[in-house]
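Chain by chain, the residues:
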Amino acid sequence: QVQLVESGGGLVQAGGSLRLSCPASGRTFSSFAMGWFRQAPGKEREFVAAITWSSGNTYYADSVKGRFTISRDIAKNTVYLQMNSLKPEDTAVYYCAARGRGGWSVYSGDYDYWGQGTQVTVSS
C-alpha cells in the first residue's frame, strides 16, 4: 500500500521560505511521476510542480516558477518542495501525489495516490 506523508508546512512571513517533504513508501517508485498540488479555501486544487522519479526532470506552474524547486532523494524515497520568496497567495494546503503511469500531469485526477496535506500560511 502506497503511503505519502507530507510535512514541513507552517506559518511564515511574506518573503520567507519553507521546505516541504514527502517520504513515499509501499512500492518502487522508479517509474512514477511525483507532484505537488495545493488547495486554498474555496478554490480548486491546483498543480504546483512535478518531477519524474527516474530522470529527475521537473515541471512548474507559472505562478511558482523561479521561486519553488521540486527535487527527490532516491535513497530516501522522498520528494521535496523548496519554497522561497513566499507570498500570501501561496497560502493553501499542500498535497503530495504520485502517478504510476503516463508521466507527469497538471491534472489532479491523473494521480493515483495522495498524502493527507500540510498547511502553509503566508502572512503579509
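Residues numbered from 1 in each chain as written. Predicted model: local features only at pLDDT ≥ 70, side-chain atom pairs only at ≥ 80, totals over all residues. Heavy atoms only, no water.

**Q** Teacher, can you tell me more about the overall build of the protein here?
**A** Counting its secondary structure elements, the protein contains zero helices and eleven strands. The helix and strand sequence of the protein, counted from the amino end, reads β-β-β-β-β-β-β-β-β-β-β. Its C-alpha atoms give the protein principal-axis dimensions of about 40 × 30 × 25 Å. Per-residue burial for the protein yields a buried fraction of 42% across its 124 residues. Relative to all contacts within the protein whose residues are 6 or more apart in sequence, the contacts with residues 24 or more apart total 57%. Accessible surface for the protein amounts to roughly 6300 Å². Of this, 45% is attributable to carbon and sulfur atoms. (Helix = DSSP H or I, 4+ residues; strand = E, 2+ residues; numbered from the N terminus. Buried < 20%, exposed > 50% of the residue type's maximum accessible area, 1.4 Å probe, protein only. Contact = heavy atoms within 4.5 Å. Areas by Shrake-Rupley, 256 points an atom, 1.4 Å probe, with all protein chains shown as cover.)

**Q** In this structure, what is going on with the sheet that holds strand E8 (residues 78-83)? I would like to understand it.
**A** Think of a sheet as strands paired side by side through backbone hydrogen bonds, with each pair either parallel or antiparallel. Ordered in space as E1-E3-E8-E7, the four strands form an open sheet in which the pairing is antiparallel. Two strands in the sheet have a free side with no partner beyond their single neighbour: strand E1 (3-4) and strand E7 (68-73). In terms of strand pairing, E1 meets strand E3 (residues 18-25) through two bridges, oriented antiparallel. Counterpart to Leu 4 in the pairing with E3 is Ala 24. (Pairing = 2+ DSSP bridges.)

**Q** Would you explain the pattern of salt bridges in this entry?
**A** Working definition: two side chains of opposite charge can pair if their charged atoms are close together. On inspection of all chains with the given rule, the structure shows four salt bridges. Across the pair Glu 46 and Arg 38 runs a salt bridge, and its minimum N-O distance is 2.6 Å. Taking relative accessible area as the criterion, Glu 46 reaches 35% and is therefore assigned partly exposed. In this structure Arg 38 comes out as buried when scored by relative accessible area, which is 6%. Residues joined in a network through salt bridges with shared partners are Arg 38, Glu 46, Arg 67 and Asp 90. (Salt bridge = Lys/Arg side-chain N within 4 Å of Asp/Glu carboxyl O.)

Purely spatial values, then, with no claim about function.
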